[in-house]
Amino acid sequence: MAFRPKIGDRISIDGELYRFTEHPNAKGMPYGQTGRRATVYRVSSRSGQAQALKVFTLAFRKQQIAQNAKVLNQFAKLPGLEAAHRYVLSQQVDGDLLSEHPDLQYAVLMPWVDGLTWQEIVLSLRELTLSQSLLLAQNLTNILFTMEKRGMAHCDLSGPNVIVQFEPAPQTALVDLEDIYSEDIIESERKPSGSDGYAHLTAHKGLWRAEADRFAGAVLIAEMLAWCDEEVRHAAYGEQYFEPGEVQQEVERYSILEEALERHWGLEIASLFRKAWESKTLKGCPTFSDWQAALEQTARRQSAARVQLVRDLERDGELISANQAAYEAYPIDPEAIGKVWLPILMRLGGDAEDAGKYKLAIRYFEQAKDLEPGGAIELELKSILTRLKRKEIQKRQPRREESRAPQRQESAGKPSGGLNAGIIALLAIAAIWAVFASMTPKSPSGSSFSAVPLNQTSQLALPTSTLRSFTPTPRLLPTPTLRSFSTLTPTRSGTSSSISSCPGAPPQRLEINHNALVCTRSDSVYLREGPARNYAVVRRAPPGTVVSVFGGPVCADSWSWWEVELPSGYTGWMAEGGDSTDPYFLCPER
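Just so it is clear, the structure is predicted and the values come from calculations on it, not from any experiment. (Residues numbered from 1 in each chain as written. Predicted model: local features only at pLDDT ≥ 70, side-chain atom pairs only at ≥ 80, totals over all residues. Heavy atoms only, no water.)

*Asks:* Just to check I follow, could you spell out the sheet that holds strand S11 (residues 162-165) for this structure?
*Replies:* Neighbouring strands of a sheet are bound in pairs by backbone hydrogen bonds; such pairs are parallel or else antiparallel. Reading across the sheet, the three strands line up as S10-S11-S12 and stay open at both edges, with antiparallel pairing between neighbours. The open sheet has two edge strands with one neighbour each: strand S10 (116-117) and strand S12 (171-174). Of the strand pairs in this sheet, S11 and S12 are connected by four bridges, and their pairing is antiparallel. Bridge pairing in S12 links Val 164 to Thr 172. (Pairing = 2+ DSSP bridges. Helix = DSSP H or I, 4+ residues; strand = E, 2+ residues; numbered from the N terminus.)

Now the structure itself:
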């Protein structure tokens, strides 16, 4: 009997019980993705950890899957190769399960890598910012460069096999690793021949060599870099940018892509792509070392241009635009952008406080604190945040008698006009700090810029962790005033409620001015800048975290969203829940 699991079905693998979960976009169907050789199911352990169970079709159930798994496990700690960590079902350990379900012979259990495939991004025409395009291309290049140094190749690089995450920072990972080339891997009877839109003209002879990824990698890097360009997005063929018969031909899509690369990233990047496009052999394509060096230079130029843009906007008094420009550019070069961003955040925070917009001021100063300048300026920021939070609490409380109003204002320390003395002093400290920071010695490579952490074994910029453990500089928030809740549906104000749930969401159980508990099984819950999933993530709250509820709810994404404050003082919005794993994300604290 064919293996067709249902939602909620449980199987035991290597002594651990796993449950099949529901597909998020297909109600009533198990979460499964079917490819050429296998179906990958999402299963959940008793602790709530997501895993992938890859069940191969009969033609691809080979003993070499188990043999190669021992080698692949050695690669699991390399950046972007988390899916290489795998357990293969065997008769010795899983005999009873295989007797009941023979289709699970040589099935593989491995980590579930969250995110969108690059194919999904191309197909949906999802817009990327310049920073996102650059950081995704750099991250993928660093993964492929690390593999190249070890004499490895994926051998089937394509849109469906590249996973993209945007939080906490743009990054990529590779999946479908059965065809990886390495000296210790047993060669498959069927050599991979590439995928539509990414296959070199020689790919039909078989891709099983160290340079197998050079052409497909060049196409993917070019697509990522150019996906910030509207003309490129709308010129895409469909699931991939190029139509299969157009690859390595002088066609209009190629011209549009090459021109966009030169326009946004310079002649060197466009020339590398042209070299790959015109290559007669895979060895004639640029190496990933070539791509990495070119992207590092491009990032430095982008950083300098963005710093100047932010300074020009600030000089012209366009603080909101300067703040947004700094936010978008910050991931490219946190050190350089941070120097010009800090004074802008503090000026915006001071203006918001003068206007009595304490919540907005808190967000600006929290962003400034996230830049981690340290020393006296950090202590001053903490003092300002303490004062602002006290003012915000007082603002939410019922008004007292008019006779006590002057005393309340005096204790709150509200300035009589303009920036108060503390913020003016803070700006002066920030200016001194910026001058001092600009004198910081450069790195051994000759530049203080590093878009990703430096690997200990190389002077080149390499990511040093897998997809789940990657920890960039803290994610900062965009300007709150650029957002609007006009498309959302508020359902409650103050402490009264007219309805008890949002469409598609479970009944609301939280109350304003009460505490709530993060009650998920194992997943952290995002604190977001606004009440919807498309807002930036401020922080993550692990299970057991107690939060204070002071606003909401708002209906969005089939969830009820509440405005909360973390124990650390950060404020934002959290979804009450739930999903197939956790019926509620937030529960009333009893």
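*Asks:* What exactly am I supposed to notice about the packing of aromatic side chains here?
*Replies:* Overall, the coordinates contain 15 aromatic pairs when judged by the stated rule. With a centroid separation of 5.9 Å and an interplanar angle of 65°, the aromatic rings of Trp 118 and Trp 227 are classed as edge-to-face. Of this pair, Trp 118 sits in helix H3 (residues 118-124) while Trp 227 is found in the loop between helix H5 (214-226) and helix H6 (230-235), placing the two residues 109 residues apart along the sequence. Trp 227 carries the same exposure label as Trp 118, and that label is buried. Taking 4.6 Å as the distance between ring centres and 35° as the angle between the ring planes, the aromatic pair formed by Phe 242 and Trp 277 counts as tilted. A residue pair is termed long-range when its members are at least 10 positions apart, and Phe 242 in the loop between H6 and helix H7 (252-265) and Trp 277 in helix H8 (residues 267-277) qualify at 35 residues. By relative accessible area, Trp 277 is classed as buried at 2%. Following the ring pairs from residue to residue traces out a cluster consisting of Phe 215, Tyr 241, Phe 242, Tyr 254, Phe 273 and Trp 277. Looking at Arg 509, its charged tip hangs above the ring of Tyr 584, at a distance of 3.7 Å from the centre. (Phe/Tyr/Trp six-rings, centres within 6.5 Å; stacked < 30°, edge-to-face > 60°. Buried < 20%, exposed > 50% of the residue type's maximum accessible area, 1.4 Å probe, protein only. Lys NZ or Arg CZ within 6 Å of the ring centre and 35° of its normal.)

*Asks:* Would you mind going over the pattern of salt bridges with me for this structure?
*Replies:* In a structure, side chains of opposite charge can pair up when their charged atoms sit close to one another. For the structure shown, the criterion picks out 25 salt bridges. Among the ionic pairs, Glu 250 bridges to Arg 274, the shortest N-O distance being 3.5 Å. Placement of Glu 250 in the loop between H6 and H7 and of Arg 274 in helix H8 is noted, with a sequence separation of 24 residues between them. Given a relative accessible area of 25%, Arg 274 falls into the partly exposed group. Residues Lys 359 and Glu 563 are paired through a salt bridge, measuring 2.6 Å at the closest nitrogen-oxygen approach. (Salt bridge = Lys/Arg side-chain N within 4 Å of Asp/Glu carboxyl O.)

*Asks:* What is the right way to look at the nonpolar core in this model?
*Replies:* Considering soluble globular proteins, one finds that nonpolar side chains tend to be buried as a cluster. By size, the foremost hydrophobic cluster in this structure holds 79 residues, and its most contacted members are Trp 118, Leu 174 and Phe 273. Beyond its immediate stretch of four places on either side in the chain, Phe 273 contacts Ala 218, Val 219, Ala 222, Phe 242, Tyr 254, Leu 257, Leu 261 and Trp 291. Counting residues in hydrophobic clusters, the runner-up holds 33 residues, among them Val 310, Leu 345, Leu 381 and Leu 385. (Core = buried A, V, L, I, M, F, W, Y, C linked by side-chain atoms within 4.5 Å. Contact = heavy atoms within 4.5 Å.)

*Asks:* Is there a simple way to think about empty space enclosed by the protein in this case?
*Replies:* Gaps between atoms show up when a probe of the same size as a water molecule is rolled over them. One pass over the full model with this rule turns up five cavities of 30 Å³ or more. Each pocket or cavity is described by its volume, and for the largest cavity that value is around 60 Å³. Along the wall of the largest cavity there are 13 residues; nearest its centre are Tyr 198, Ala 199, Leu 207, Ala 212 and Ala 216. Counted by class, the lining of the largest cavity contains nine nonpolar, two polar and two charged residues. (1 Å grid on protein atoms, 1.4 Å probe; cavity = no way out; pocket = protein on both sides within 12 Å on 5 of 7 lines; lining within 4 Å. Points joined across faces, edges and corners; volume = space filled by probe spheres on them. Nonpolar A, V, L, I, M, F, W, Y, C, P; charged D, E, K, R; others polar.)

Just geometry here; none of it tells us what the structure is for.
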